Structure formats: C-alpha cells, structure tokens
Amino acid sequence: MDTILRVENLDKFYKNKGSLTKAVNHISFEVERGEYIGIMGASGSGKTTLLNCISTIDNVTAGHIYVGNSDITTLNKQELSKFRREALGFIFQDFNLLDTLTARDNIALALAIKGEAPKNVRRKVEAVAQTLGIMEVMNKYPYEMSGGQRQRVACARAIVTEPELVLADEPTGALDSKSAGMLLESFQMMNEKMGATILMVTHDAFTASHCKRILFIKDGKIFNELVRGNNSRKYFFDEIMQVVSFLGGGQSHAI
Ligand SMILES: Nc1ncnc2c1ncn2[C@@H]1O[C@H](COP(=O)(O)OP(=O)(O)OP(=O)(O)O)[C@@H](O)[C@H]1O
Ligand SMILES: [Mg+2]
C-alpha cells in the first residue's frame, strides 16, 4: 500500500468571543495513492475546514497531516509554498481563474510558476486541454466562457502540474446537471488516466456516487465510511442515500 495522505488526530478549533467551535474534532484517516474520495456531511459539519487544513490554507489546532513522508503541519513558509505549488491541485467552487488571462494562459501560469521550460509548457497545456475537452475555449477569457467551461479550465489548471493530491470543495455546486456530468467525467479521467488522488467535498449523492470511498463528517468527526468496491454506481448511490437520510438530510439527494 502506498499511503499518500495521513491525517492524525486532527483538531481545528475556532475561538470567538468566549465560545469555542470544534470545527474539526480529532479526525484521523488515511488515503492511498490513486483513491477518489468523497467527503459528505451537513452544512457546518467541518468539511471545508478539513480541506483547508490539508491544503495548508488554515493552520491546525493540534494533530498531524502527513503528505508522503513530510508532516505538512511543521513546514516553514518557504516549504509551504513549495508544497502548495508542487504537490497540490486546488479546485475551488468559485473557480478562481484570472480574468485578464485566456484559458490557455491561466493553465500555463501554473506551470510557469513551477519553472517549467516553455516548450514543455505548450505541450502539457495542450495535452490536458485535450483530455478535459476544452480545446475550443483555450483562447477565451473567463467572462467569455460558461460556468461549466470555467470549471473545467480550473480543473485543467489544477492538474496540469501533475500534483499528487487534488482537493476540490463542492466543484459541481454551481453547475447544471449536464456541466456537472462533464466535470465528473473529467475527474474520473484525472483519477484513472492521470493517476491523480482526489479528495472532493460534495453535498450531492449523485456526484459522490462517482467516488470510490465516502467519508461522512458529523460535528467535526468521521461518522461513517462507505466503500464502493465492485458495486455499480447506482447501488453505491442508494447506499449513500441511506446514510444521507440517516444523517438527517431527508430531502431529494442533497444534504
Ligand atoms: N473562520 C471561522 N471562525 C469561526 N468559526 C468558523 C470559521 N470557519 C468555520 N467556522 C465554523 O466551523 C464549523 C465548520 O465550518 P465549515 O465551513 O468547515 O463547514 P462545512 O461542512 O464546509 O459547511 P458547508 O457545507 O455549509 O460548506 C461551522 O460551525 C462554522 O461556523
Ligand atoms: Mg464548506
């Protein structure tokens, strides 16, 4: 087994005017290289906080997070920016593309920051654009693209550097079902063809049913875990729905 991420007794508490919120409350889990993991849980359960600790956007209150062999909770400023630049791909819900750059330049920027040679940049950008089906928007600026296209460009930017770990916070949250479907295909491609390990927060059971394993978070703790195994996506969806209903989601397929 090749463990890429190990979260160990992770706490993230917020103090606010005398009250203490235990947003992440002693969470431990491991992720193997090549896994595709969904993180689900009610609003306020701590999903984004967990992802932000792993991405080093937030500092932790206690505990350890190992990526490969290094404990990222102990990195200094310089090591942190190297880690973010080289090991991580982020996909935020609001895309975070630069408005003054075309899709091609948004994607290329990630490689340029890494110091990649120009001829490799061109080759890698074109290859990832082909994989994610965004060739026709490469010369467009973000405001000239649809939400789904922007989201796929953001995916391309996140994976063009071939990060070990891709973190996505509700990537399909703002998309219609067709765009969401295309994004999920992109994720599957990233996972199966490009070998990316993916951690994706989602409220949506259909989206989650594309993952290989789901962690359910409740009140900052891991409440349950489901593994798809060899079951069909439909079967996995039904299993996820059962846990979602139990967690108190109830309505349709969202919690
Ligand atoms: N900066 C902050 N200061 C104080 N409390 C915070 C802060 N950020 C998050 N929290 C609290 O931590 C808890 C977990 O928040 P988090 O954003 O991780 O939830 P979430 O599971 O991502 O929810 P959602 O599904 O609504 O995005 C919530 O109770 C929230 O109010
Ligand atoms: Mg959130």
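Every value quoted in this text rests on a predicted model; they were computed, and no experiment measured them.

Reading the values: rules and limits
- Residues numbered from 1 in each chain as written.
- Chains lettered and ligands numbered in written order.
- Predicted model: local features only at pLDDT ≥ 70, side-chain atom pairs only at ≥ 80, totals over all residues.
- Heavy atoms only, no water.
- Pairing = 2+ DSSP bridges.
- Helix = DSSP H or I, 4+ residues; strand = E, 2+ residues; numbered from the N terminus.
- Near = heavy atom within 4 Å.
- Polar contact = N/O pair within 3.5 Å; in protein donor to acceptor, adjacent residues only side chain to side chain.
- Areas by Shrake-Rupley, 256 points an atom, 1.4 Å probe, with all protein chains shown as cover.
- Nonpolar A, V, L, I, M, F, W, Y, C, P; charged D, E, K, R; others polar.
- Axes fitted to C-alpha atoms, helices over the stretch in contact; angles between N-to-C directions.
- Contact = heavy atoms within 4.5 Å.
- Salt bridge = Lys/Arg side-chain N within 4 Å of Asp/Glu carboxyl O.
- Buried < 20%, exposed > 50% of the residue type's maximum accessible area, 1.4 Å probe, protein only.
- Core = buried A, V, L, I, M, F, W, Y, C linked by side-chain atoms within 4.5 Å.
- Expected span 1.5 Å × (residues − 1).

1. Brief notes about the sheet that holds strand β4 (residues 62–67)
Picture the strands of a sheet paired through backbone hydrogen bonds; they go either parallel or antiparallel.
For step 1, the next point in the chain: Spatial strand order, β2-β1-β4-β5: 4 strands in an open sheet with antiparallel pairing. Pairing within the sheet leaves two strands with one partner each, and these edge strands are β2 (19–32) and β5 (70–71).
For step 2, the next point in the chain: Here strand β1 (residues 3–16) pairs with β4 via 5 bridges, running antiparallel. Directly across from Asp11, in β4, lies its bridge partner Ala62.

2. Quick word on the site of ligand 1
For step 1, the next point in the chain: Close to ligand 1 lie 14 residues; Ser43, Gly44, Lys47, Thr48 and Thr49 are nearest.
For step 2, the next point in the chain: Take Ser45: an N or O atom from its main chain is 3.2 Å from an oxygen atom of ligand 1.
For step 3, the next point in the chain: Separating an oxygen atom of ligand 1 from a side-chain N or O atom of His203 is a distance of 3.1 Å.
For step 4, the next point in the chain: Taking 640 Å² as the accessible area of ligand 1 by itself, protein coverage stands at 62%.
For step 5, the next point in the chain: Where the shell around ligand 1 is concerned, the elements lending two or more residues are β1, β2 and α1 (47–54).
For step 6, the next point in the chain: If one sorts the elements of the shell around ligand 1 by residue count, α1 sits on top with 3 residues.
For step 7, the next point in the chain: Taken together, the residues that form the shell around ligand 1 break down as 3 nonpolar, 9 polar and 2 charged.

3. Structural notes on the sheet that holds strand β7 (residues 165–169)
For step 1, the next point in the chain: Read from one edge of the open sheet, 6 strands run β6-β7-β8-β3-β9-β10, paired in mixed fashion. Where the open sheet ends on each side, the last strands, each with one partner, are β6 (88–91) and β10 (221–227). Adjacent strand axes in the sheet meet at a mean angle of 20 degrees when their direction is disregarded.
For step 2, the next point in the chain: Across 6 bridges, the pairing between strand β9 (residues 213–218) and β10 is antiparallel. When the bridges of β10 are listed, Ile214 appears paired with Leu226.
For step 3, the next point in the chain: Its contacts with the sheet place α1 against β3 (36–40), β7, β8 (197–201) and β9, and it is angled at close to 150 degrees to β7.
For step 4, the next point in the chain: In this fold helix α8 (residues 233–246) packs onto β3, β9 and β10, with an angle of close to 160 degrees to the strand it touches most, β10.

4. Observations concerning the pattern of salt bridges
For step 1, the next point in the chain: Taken as a whole and judged by the stated rule, the model has 9 salt bridges.
For step 2, the next point in the chain: With its nearest N and O atoms 2.8 Å apart, the salt bridge here joins Arg213 to Glu35. Highlighted residues: Arg213 in strand β9 and Glu35 in the loop between β2 and β3, separated in sequence by 178 residues. Comparing Arg213 with Glu35, the two get one shared label, buried.
For step 3, the next point in the chain: The partner of Arg104 in a salt bridge is Glu126, with the nearest N and O atoms 3.1 Å apart. Remark: Glu126 occurs in helix α4 (residues 118–131) and Arg104 occurs in helix α3 (residues 103–113); sequence separation between them is 22 residues.
For step 4, the next point in the chain: The class for Arg104 is partly exposed, based on a relative accessible area of 25%.
For step 5, the next point in the chain: Taken together, the shared-partner salt bridges in this structure form one network comprising Asp2, Arg33 and Glu164.

5. Digging into the side chain of Ser55
For step 1, the next point in the chain: Position of Ser55 among the secondary structure elements: in the loop between α1 and β4.
For step 2, the next point in the chain: A polar atom in the side chain of Ser55 sits 3.1 Å from the backbone oxygen of Asn52.
For step 3, the next point in the chain: Leave out the neighbours within four places in its chain, and Ser55 touches Arg84, Leu88, Phe90 and Leu167.

6. Some details on the nonpolar core
Taken as a class, soluble globular proteins show a tendency for nonpolar side chains to be buried jointly.
For step 1, the next point in the chain: Core analysis: the largest hydrophobic core is formed by 49 residues, its most contacted members being Ile107, Ile134, Phe187, Ile214, Phe216 and Ile240.
For step 2, the next point in the chain: Core analysis: the next-biggest nonpolar cluster, separate from the first, contains 28 residues, Val24, Phe29, Ala87 and Ile217 among them.

7. Regarding α4
Every α-helix carries 3.6 residues per turn, so stepping three or four residues along brings you back to the same face.
For step 1, the next point in the chain: With 14 residues, α4 extends 20 Å between its outermost C-alpha atoms, agreeing within 8% with the 20 Å of an ideal straight helix rising 1.5 Å per residue.
For step 2, the next point in the chain: Buried residues belonging to α4 abut α3 and α5 (147–159).
For step 3, the next point in the chain: Phi for Gly133, located one or two positions after α4, is positive at around 65 degrees.

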